[in-house]
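Analysis of the macromolecular model
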Amino acid sequence: MDDLTVTFVDRGRVKADRNFVVDGHSVATASNREPTHDYETYVVWNLVIETPELTVLWDTGSHPEAGDGYWPEPLYEAFAHVDAADHPLEADLDDAGYGLDDIDAVVMSHLHLDHAGGLRAFEGTDVPIYVHREELPFAYFSANTDEGSIAYLQRDFDRDLNWRVVHGDSYHLTDGVELLHLPGHTPGLLGALVERPDAPLLVVGDEAYVEANYEGRPMATGLLWNNGAWKASLERCRDLQRETDAEILLGHDLDVFERLAD
């Protein structure tokens, strides 16, 4: 579409052991019982997708107080969003040339704490918040029991929000933006195929944190809700990329993000 634009919004840096991101990246062996661990830098990002009908915000990033006790200590120890305080949603949107009032709709790829921490900005408004049918109940279940995933914080998403529930494998959000159900990382993970005028953009998101995941090396078990579903979703993404020759945007790969945002 000639009149569709995508703006990449940098929401800061997360530091984590690569073993979380690429399963078995560094393991002890008989000859090397103390392998070197790679403590790496990853990116948190949002998108603003502007179409003739809607201006869409993709995800909302981390809460700015993530490192000041808002995130539980064990989670922050594992995935430290070291500059969250420097990246409140409103300020980063302003730097990208947008205000909260410009946003007509929000798409939540999923409700993990590094994606849902800015939902508070839309509390009490009529801005529709799109989430997949399989994601919302799993988030509540996880946040309130000892099962599910530990990466959901109820205070991120248990708010007065105008939820719009997405069903099925795909959903036509607006001309040029097709939402894709990509279960695996979470039950309700959403990606998207965005028809930019220069080249389509396949938003893979946390289906693949980094290029190694997209090439077939899974994330650590703790980051996968269902390994079989993850593999099926990965093949779907690869098939779409081959069919459309789309550029891919991965979940937290800093090099990929900077290359696309440049």
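Residues numbered from 1 in each chain as written. Predicted model: local features only at pLDDT ≥ 70, side-chain atom pairs only at ≥ 80, totals over all residues. Heavy atoms only, no water.

What follows deals with the overall build of the chain. Assigned secondary structure in the chain consists of nine helices and twelve strands. Relative to the compact-globule value of 18 Å for 262 residues, the chain shows a C-alpha radius of gyration of 18 Å, a close match. Referenced to the eigenvectors of the C-alpha coordinate spread, the extents of the chain come out at roughly 60 × 45 × 35 Å. Counting every position in the chain, which comprises 262 residues, the buried fraction comes to 56%. Looking at the chain as shown, the accessible area adds up to about 11500 Å², and 44% of this sits on carbon and sulfur atoms. Across the chain, 17 positive and 52 negative side-chain charges occur, with their mean positions spaced 6 Å apart. (Helix = DSSP H or I, 4+ residues; strand = E, 2+ residues; numbered from the N terminus. Rg over C-alpha atoms; globule rule 2.2 N^0.38 Å. Buried < 20%, exposed > 50% of the residue type's maximum accessible area, 1.4 Å probe, protein only. Areas by Shrake-Rupley, 256 points an atom, 1.4 Å probe, with all protein chains shown as cover. Lys, Arg positive; Asp, Glu negative; His and termini not counted. Charge placed at Lys NZ, Arg CZ, Asp CG, Glu CD.)

The pairing of strand 1 (residues 5-17) with strand 2 (residues 39-50) spans eleven bridges and is classified as antiparallel. Bridged to A16 within strand 2 is E40. Across four bridges, strand 2 lies against strand 3 (residues 55-58) in antiparallel orientation. Note that in strand 3 the partner of V48 across the bridge is L57. (Pairing = 2+ DSSP bridges.)

Right, let's get into the UniProt feature "domain: Metallo-beta-lactamase" (unreviewed entry) in the chain. In this numbering, the UniProt entry assigns the feature "domain: Metallo-beta-lactamase" (unreviewed entry) to residues 43-252. With 25% helix and 24% strand, residues 43-252 has its two end C-alpha atoms placed 5 Å apart. (UniProt positions renumbered as here; feature names shortened; annotations may be inferred.)

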